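# Architecture at a glance
Here is how the chains run, residue by residue.
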Amino acid sequence: MPDLGRAALVTSLLLLVYSFTVGSWAAWRGRRRLAESAQNALLGSFAATLVAAAVLLAALARHDFSFRYVADHTSRELPLGYTLTAFWGGQEGSLLLWLLVLCGYSCAAVLTARRAGREILAWVVPVLGLVGTFFALLLVFVASPFATQAAAADGAGLNPSLQNPYMAVHPPMLYLGYVGLTVPFAFAMGALLAGRTDERWIVATRRWTLAAWAFLGVGQLLGAHWAYVEIGWGGYYAWDPVENAALMPWLAATAFLHSVMIQEKRGMLKVWNVLLVALAFGLSLFGTFLTRSGIIQSIHSFTQSSIGPWFLGFICFITAGTLTLIFWRLPLLRAKTRLESLVSREATFLYNNLLLVALALTILWGVVYPLLSQLVTGQAATVSKPYYNFFLHAFGLPLLLLMGIGPLVAWRRASLRALGRTFLWPLATAVAAGIALLALGAGSSRVGVIAYTFSIFVLASILLEFLRGTAARKALGDSGWLGSFSSLIARNRRRYGGYVVHAAVVLLAIGVAGSSAYQTVRETRLHRGDSMTVAGNRLVFRGYETSMASNHRSIRGLVDVYRGNNYLGRLKPGKNQYFAEDQVSNEVAIRHDLLTGGDLFLIADQVNADGSIDLKALQKPLVNLIWLAGIVFIGGSLIALWPDAREERRLAARYAGATASL
Amino acid sequence: MTVALAVGAVLAVVCVVLVALPFLREPKPHDDRLAVPDEVEQRRLSLAEDRDRALAALKELEFDHRTGKVSDDDYRALVAPLRRKAAEALRALDLRAERTDGERIRTGGNR
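Residues numbered from 1 in each chain as written. Chains lettered and ligands numbered in written order. Predicted model: local features only at pLDDT ≥ 70, side-chain atom pairs only at ≥ 80, totals over all residues.

### Re the overall build of chain B
Counting its secondary structure elements, chain B contains three helices and zero strands. In sequence order, the secondary structure elements of chain B are arranged as α-α-α. Taking the intrachain contacts of chain B between residues at least 6 apart in sequence as the baseline, contacts between residues at least 24 apart amount to 72%. (Helix = DSSP H or I, 4+ residues; strand = E, 2+ residues; numbered from the N terminus. Contact = placed C-beta atoms within 7 Å.)

Laid out in structure tokens, this is it:
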């Protein structure tokens, strides 16, 4: 079987090299059949990679320890679910997943994005082939998942942190996001290579960009929740370099999703949009490099390897190639119009873009600086939480405010009178809320109060947008309030889906501000019968219980929770001892309060031989709004992604004659 | 091992056929050039984008005016140039279509 896996990967590599080289030749010389053949090679590479993935999955399911990858990342007693998710638990499997998703995306994109036009599509194929070739090369020559050994009696097991249900969805989601950004990049480069810088590449990739961005966002939130329930330090985001690696391309893609609207509506920012697409893709490559190269110390970086220089070389090649291409095509990327006013919707999008990119770049500097200082001075400098928090406040809070301002400002220009009218209610609501918060004692955190006040302003402006829009649709003759409301959304899904996503970001901001600026932390050693109090909750330690599972032994502290005299229930923080991995994991206990949105979070820092426990208790107000934000985010993304028949008809009429397969 | 061999063989055949398919389907094509829009079609596309942009902007302006986001003064100042732009794009597209039809009739060809 490993031979089949290796053969499938070599086949995939050959097909990708073919689609890159022959596809480039065909696009350059304008050869139709060769271009079709190169496109078919992409389809073939997907089939071949699928076979390779099936071989690895079968080896995992059969505990075939003659595969070094299976022996290194699983054990006989590992439950089947985690055994299968070990597919992406190690470096070689992750790279295979990258390639599989890339080939799948490539096929789907070239088969469905016909509005891009033949001459652009002919260049998209070799760009996708080039990226695929790089990953296939790594898998064939540098990090093969099909390396074999004399079959061991048992495997080394899976890192305990990865033995969590979130591992079934978090990495694939992130990869769907990371890899998905290749599609808009390939179409942008295809448009530049073909010399066709009109809107076709944007129209063809609109949904792909949105889907990749949504996957990346959901993947990060799932990762945050995994960190919250599994890692056991009481938080969900630690500015870890690998966490940042996913955040940076998401920020760049968010900027692109906004600025591309300016190009569609005003024909401006063509250079900026191509740069943003390239930045998002480059950062997604950089993210994979950070996670997989072993260059950084991180809780998420599960591997040490030699693929770093390859990645670095490829990132440099892509960056240099992209910049050269943009420079070459600059004359074709001139804007048709200019910004009419600094007080307009497009201007607020521009400010939002600058802040998003500034935030992404400052995070990038925070990640890169320790690596550079290690390289230059031999000692790694540390960039820690205060650095990131400073820039999050400096750029994030104005971004939050802009989310409320943007929808209230008209395109092109807005007069003071119109602004006064549209801003009145959101502003009044926000000021009243800010005063009320101060009166309620929220002033202990200045940033917290500002974040809440801005959040209320954004929510009020979104609500007003929906109300005014629905009223306008009703006045135009739509039947009833509900009918007008659904017609409002159906007629402009991207705008109103975007507002729902904005509401999700507000929920996220409220959750983050509440759970970080206003959290309470207590730590103490408790003997049996001792108690401690945190944020009004009395915690009584009752002793321990132990149990055995197939691959680990569990020990749990029994902690009864009271509020006043009311018994609220028993929490069981503790630890797991994993046999094959010879590792101990922290197993936290959480009590959710659905009414307040807060959590009581218990960590057994130390299980002591004398029967006592070192207990850390955190009260995290509003933290559950962060997870609720994830659901709202998915809802908003789906609204924006949902096909719009009216728009489809309009585009079909516009591109009639210019669309067809190769 | 037999299954692996069989799967490998099927994969290899499928991939070779896929790559060769365009040449197997059309061994001697009438025209093997990659059909790309000519200058006339490019111009039409550009005009169609301008027309759609202007019409979408007009629609948005009307709606923003109705919801109170655009004042009456702003509306009056913005609507005229947008209407002019939309009309220009529509007129240019009509002229181009007439010219193309005329050429087709003269040459007796079908595009």
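### Some thoughts on the overall build of chain A
Of regular secondary structure, chain A possesses 20 helices and ten strands. Taking 26 Å as the expected radius of gyration for a compact globule of 662 residues, we find that chain A reaches 27 Å, a close match to that expectation. For chain A, the spread of C-alpha atoms along the principal axes amounts to about 80 × 75 × 55 Å. When the 662 residues of chain A are sorted by exposure, 53% land in the buried category. The long-range share in chain A, meaning contacts at least 24 apart out of those at least 6 apart in sequence, stands at 73%. (Rg over C-alpha atoms; globule rule 2.2 N^0.38 Å. Buried ≥ 20, exposed ≤ 12 C-beta atoms within 10 Å, placed from the backbone.)

### Comments concerning the packing of helix α16 (residues 446-475) of chain A against helix α17 (residues 480-491) of chain A
Residue and element names in this part refer to chain A. The interhelical angle for the contact between α16 and α17, taken along N-to-C directions, is 110°, at an axis separation of 8 Å. The orientation of α16 relative to α17 falls into the category roughly perpendicular. Between α16, through G469, T470, R473 and K474, and α17, the contact on the second element is made entirely by W481, S484, F485, S487 and L488. Classifying every residue of the contact of α16 with α17 by side-chain character gives three nonpolar, four polar and two charged. (Axes fitted to C-alpha atoms, helices over the stretch in contact; angles between N-to-C directions. Parallel < 35°, antiparallel > 145°, perpendicular 65-115°, else oblique. Nonpolar A, V, L, I, M, F, W, Y, C, P; charged D, E, K, R; others polar.)

### Description of the nonpolar core
All names here are of chain A. In terms of nonpolar packing, the biggest core is built from 212 residues, with L99, V124, F187, A252, A253 and A280 touching the most fellow members. Per-element accounting of this core gives the leading share, 18 residues, to helix α9 (residues 200-231). Residues within four places of A280 in sequence aside, it is in contact with L181, P249, A252, A253 and F256. Judged by nonpolar contacts, the second largest core, of 17 residues, contains L539, F541, V559 and I613. (Core = buried A, V, L, I, M, F, W, Y, C linked by C-beta atoms within 7 Å.)

### Description of unusual backbone geometry
Residue and element names in this part refer to chain A. Positive phi, normally seen in glycine, also occurs at L269, with a value near 65°. Among the structural elements, L269 can be located in the loop between α10 (241-266) and α11 (270-293). Unusually for a residue other than glycine, A535 sits at a positive phi of about 45°. With respect to the helices, strands and loops of the structure, A535 is situated in the loop between β2 (531-534) and β3 (537-548).

### A word on the packing of helix α6 (residues 118-142) of chain A against helix α8 (residues 182-194) of chain A
Axes are the key here: two packed helices are described by the angle between their axes and the distance separating the axes. Residues and elements named next belong to chain A. With their axes 7 Å apart at the nearest point, α6 and α8 run at an angle of 130° to one another. Overall, the two elements α6 and α8 adopt an arrangement that is oblique. Note that α6 runs across α8; the crossing there is right-handed. The residues of α8 that touch α6, namely those facing E119, I120, L121, W123, V124, V127, L128 and V131, are T182, A186, F187, M189, G190, A191, L193 and A194. Its residues placed into classes, the contact of α6 with α8 shows 13 nonpolar, two polar and one charged. (Left-handed = near helix turned anticlockwise from the far one by under 90°.)

### Brief notes about the sheet that holds strand β10 (residues 613-620) of chain A
Residue and element names in this part refer to chain A. The strand order β1-β10-β9-β8 describes an open sheet built from four strands, whose pairing is antiparallel. If you trace the sheet from one side to the other, it starts and ends with β1 (520-526) and β8 (589-593), each paired once. Here the strands of the sheet are splayed against their neighbours by 15° on average, with no regard to which way each runs. Looking at chain direction, β8 and strand β9 (residues 598-607) are connected through five bridges and run antiparallel. Paired with A589 across the two strands is L602, which belongs to β9. (Pairing = 2+ DSSP bridges.)

### A few points about the environment of E648 of chain A
All names here are of chain A. One can find E648 in helix α20 (residues 645-654). Overall, the presence of 11 C-beta atoms within 10 Å leaves E648 in the exposed class. A C-alpha to C-alpha distance of 28 Å links E648 and L251, two positions 397 residues apart in sequence.

### Here's the deal with the interface of chain B and chain A
The interface is formed by 41 residues belonging to chain B together with 49 residues belonging to chain A. Element by element, the count of residues in the side of chain B that touches chain A is highest for helix α2 (residues 39-66) of chain B, at 13 residues. Here the residues of the side of chain B that touches chain A sort into 23 nonpolar, five polar and 13 charged.

Remember that the coordinates give geometry; whether it matters functionally is a separate question.
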